[in-house]
Amino acid sequence: MTDNPATPAAPDHSAATDHVDPTSTADGTPGPRLTVAVLGPGGVGGLLAALLSRAGHRVLCLAGEETAGTLRTSGIRVRSALFGDFTAPVDTGTTLREPVDACLITVKATALDAALTRIPPAALGDALLVPFLNGVEHPALLRGRYAPDRVAPSVIRVESTRTAPGTIEHTSPFAEIDLTGAKVPRTRLETLAATLTTAGPATRVLDDETTALWSKMSFLAPFALLTTRYGLPLGEARTRHRDELASLVAETAAVSRACGAPVDPAQALARYDAFPPVAKSSMQRDAEAGRPLELDAIGGALLRAADRHGVPVPVTARLVRELREAGH
């Protein structure tokens, strides 16, 4: 999703962005022109940054100096059957040094701690902090560092890849966002949702943060663990390891229910069967590329939740153990 932003903060060399008139809302009235920081302009962050910039908002991408320099010079190039092919200018920096309306966190869970050094709490101020991370444990971590009533954990459904710094390929025929935030003022969420929808991704505000996060986790965990463990695309994995997939789905659904988010295992299995057979999980792609895996954020978090609620998850535990023993 993004390169490792652990490089020590360097002086900010933000480029100036020409003023663009605010975009209009669905009813034709002018919407507010927002300033949005994007922490980690990779596959997801780069796509959102480019779409928001094209819609007339000021976008500040926070990344390492090399990536920031590329984006400062060339902008972000997007190739998308849904949104078209375009290049959008963005401001860049290595550390947040100015007020923004919202900061989107779009790094991998494995890079989160290092990335957060780029957004000091004092600089973030009253801005919404919107993490699009896998797993369910990051909201508590963020609320421990930043104002709890400004953290808005959210979910995005999209397939988008950074093929090079500043170059994004959006390959899915959809881009959908669920904004949540149990303690965030509803009007703040609705304003951001309208901004994102007008820019491109269909965005809705959900009241139940737990259900939103666990709905994604319940689908992602079996998919990621099974495809990565066996190194197979989904089509082969769901056929050759059907019993394990069914067990993973049942175990994850049981943990989700214990956490207060009901999930239907039969519906989950049907979703896997409807996916293209060549589909690979992001964890599997990371394993193939030799990148760090989000194993702890996904499998580890699932095991910890199961332990807290006394839910047996033997198949999940075995796959996580085998992946760890394999050096992941």
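Residues numbered from 1 in each chain as written. Predicted model: local features only at pLDDT ≥ 70, side-chain atom pairs only at ≥ 80, totals over all residues. Heavy atoms only, no water.

Its location among the elements puts Ile 156 in strand 8 (residues 154-157). Taking C-alpha positions, Ile 156 is 9.1 Å from Lys 216, a pair spaced 60 residues apart along the chain. Dropping the residues within four chain positions of it, Ile 156 is found in contact with Val 44, Leu 48, Phe 132, Glu 176, Ile 177 and Lys 216. (Helix = DSSP H or I, 4+ residues; strand = E, 2+ residues; numbered from the N terminus. Contact = heavy atoms within 4.5 Å.)

With that settled, consider the packing of helix 12 (residues 295-309) against helix 13 (residues 314-325). Running from N to C, helix 12 and helix 13 point in directions that differ by 145 degrees, and their axes come no closer than 10 Å. As helix 12 runs across helix 13, the sense of the crossing is left-handed. Side by side, helix 12 and helix 13 meet where Leu 295, Asp 296, Gly 299, Gly 300, Leu 302 and Leu 303 of the first sit next to Thr 316, Ala 317, Val 320, Leu 323 and Arg 324 of the second. Across the contact of helix 12 with helix 13, the residue classes break down as six nonpolar, three polar and two charged. (Axes fitted to C-alpha atoms, helices over the stretch in contact; angles between N-to-C directions. Left-handed = near helix turned anticlockwise from the far one by under 90°. Nonpolar A, V, L, I, M, F, W, Y, C, P; charged D, E, K, R; others polar.)

Moving on to the sheet that holds strand 9 (residues 160-164). Spatially, four strands are ordered 4-3-10-9 in an open sheet, and the strand pairing comes out mixed. Sheet topology places strand 4 (86-88) and strand 9 at the edges, where each strand pairs with a single neighbour. Strand-to-strand twist across the sheet, computed as the mean angle between neighbouring axes with direction ignored, equals 25 degrees. Relative to the sheet, helix 1 (residues 43-54) contacts strand 3 (76-80), strand 4, strand 9 and strand 10 (167-170), its axis offset from that of strand 4 by approximately 85 degrees. (Pairing = 2+ DSSP bridges.)

Turning next to the nonpolar core. If you look at the biggest cluster of nonpolar residues, it comprises 39 residues, and the most contacted ones within it are Cys 61, Ile 76, Leu 104, Val 130, Leu 179 and Leu 192. The residues contacting Val 130, other than those within four sequence positions of it, are Cys 103, Leu 104, Ile 105, Ala 152, Ser 154, Leu 179 and Leu 192. Phe 219, Ala 279, Ile 298 and Leu 319 belong to the second-largest nonpolar core, a separate cluster that totals 38 residues. (Core = buried A, V, L, I, M, F, W, Y, C linked by side-chain atoms within 4.5 Å. Buried < 20%, exposed > 50% of the residue type's maximum accessible area, 1.4 Å probe, protein only.)

What follows deals with the pairing of strand 11 (residues 176-179). Within a regular beta strand, the side chains point alternately toward one face of the sheet and then the other, so they alternate between its two faces. By the bridge criterion, four bridges tie strand 8 to strand 11 in an arrangement that is antiparallel. Bridge assignment links Arg 157 to a residue of strand 11, and that residue is Glu 176. As paired elements, strand 11 and strand 12 (residues 202-205) share four bridges and run parallel to each other. Its bridge partner being in strand 12, Asp 178 is matched across the sheet by Arg 204.

Next up on the list: helix 9 (residues 242-258). The end-to-end C-alpha separation of helix 9 is 24 Å, in line with the 24 Å expected for 17 residues at 1.5 Å each. Glu 244, Leu 245, Leu 248, Val 249, Glu 251, Thr 252, Ala 253, Val 255 and Ser 256 are the residues of helix 9 that are buried. In this structure, the buried residues of helix 9 make contact with helix 7 (209-230), helix 8 (234-240), helix 10 (265-274), helix 12 and helix 13. Residue Gly 260 follows helix 9 closely and has a positive phi angle near 100 degrees. (Expected span 1.5 Å × (residues − 1).)

With that out of the way, let us pick up helix 13. Helix length check: helix 13 (12 residues) gives 16 Å between terminal C-alpha atoms against 16 Å at 1.5 Å per residue, within 8%. Within the sequence span of helix 13, burial applies to Val 315, Thr 316, Leu 319, Val 320 and Leu 323. Around the axis of helix 13, the buried residues are gathered within 130 degrees of arc, so they sit on the same side. Opposite the packed face of helix 13, turned more than 90 degrees from it, sit the exposed residues Pro 314 and Glu 325. Count one or two residues on from helix 13 and you reach Gly 327, which has phi positive near 100 degrees. (Arc of directions from axis to C-beta.)

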